[in-house]
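# Working through the structure, step by step
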Amino acid sequence: VTAWETEYIQRLDPSPGHPVRAFTQSTAMRPYLDRLSPAEAERLTEAYDDALSSAYPAEGDGTVIFPFTRLFFLLTRP
C-alpha cells in the first residue's frame, strides 16, 4: 500500500452566500439538506455561512482561498 496526501489551494469566486458553501453544497451538504424542511435548510445554510466566514474570510475582491486535502491510496499485488 502506498498512501500520500496532497493539499490543493482553490481560489473561489464570490457567490451568493459563502463561496466555500457554494463549492461544497452539491456534494458534502446534500445528505443533510435533503433531510431538512426548506425552513430548516435555510437556517442551517445561514449558520454554516456564518461559520465559514470565520474559518475562511473573504479577500478584498470577495474571493476566498480554500485549501483542502485529498488522500490517495495505491494498492498493488505482488
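This write-up is about the structure you can find in this document.

What counts and how
- Residues numbered from 1 in each chain as written.
- Predicted model: local features only at pLDDT ≥ 70, side-chain atom pairs only at ≥ 80, totals over all residues.
- Heavy atoms only, no water.
- Helix = DSSP H or I, 4+ residues; strand = E, 2+ residues; numbered from the N terminus.
- Rg over C-alpha atoms; globule rule 2.2 N^0.38 Å.
- Buried < 20%, exposed > 50% of the residue type's maximum accessible area, 1.4 Å probe, protein only.
- Contact = heavy atoms within 4.5 Å.
- Core = buried A, V, L, I, M, F, W, Y, C linked by side-chain atoms within 4.5 Å.
- Patch = residues over 30% accessible without salt bridge, like charges linked within 9 Å, V, L, I, M, F, W, Y side chains within 5 Å.
- Areas by Shrake-Rupley, 256 points an atom, 1.4 Å probe, with all protein chains shown as cover.
- Salt bridge = Lys/Arg side-chain N within 4 Å of Asp/Glu carboxyl O.

Now for the overall build of the chain. Each helix and strand counted, the chain has three helices and two strands in total. Along the chain, helices and strands appear, N-terminal first, in the series β-α-α-α-β. Computed over C-alpha atoms, the radius of gyration of the chain comes to 16 Å, more than 25% over the 12 Å expected from 2.2 N^0.38 for 78 residues, which places it beyond the range of a compact globule. The dimensions of the chain, computed from C-alpha atoms along their principal axes, are 55 × 35 × 15 Å.

Structurally, the position occupied by Leu12 is in strand S1 (residues 2-12). Of the residues examined, Leu12 reaches a relative accessible area of 6% and is grouped as buried. Apart from the residues lying within four places of it in its own chain, the contact partners of Leu12 are Pro19, Val20, Phe23, Thr63, Val64 and Phe66.

Note on placement: Pro31 falls in helix H2 (residues 30-33). Among the residues examined, Pro31 registers a relative accessible area of 39% and is labelled partly exposed. For the pair Pro31 and Tyr48, spaced 17 residues apart in sequence, the C-alpha separation works out to 15 Å.

Listed in full, the six residues of the largest apolar core are Leu12, Val20, Leu52, Val64, Phe66 and Phe68. Non-local contacts of Val20, meaning those with residues more than four positions away in its chain, are made with Leu12, Leu52, Tyr56, Val64 and Phe66.

Judged by side-chain polarity, Val1, Leu71, Phe73 and Leu75 come together as a nonpolar surface patch covering roughly 510 Å² of accessible area. Within the secondary structure, Phe73 sits in strand S2 (residues 64-74).

Interpretation note: all reported values are geometric properties and have no functional meaning in isolation.
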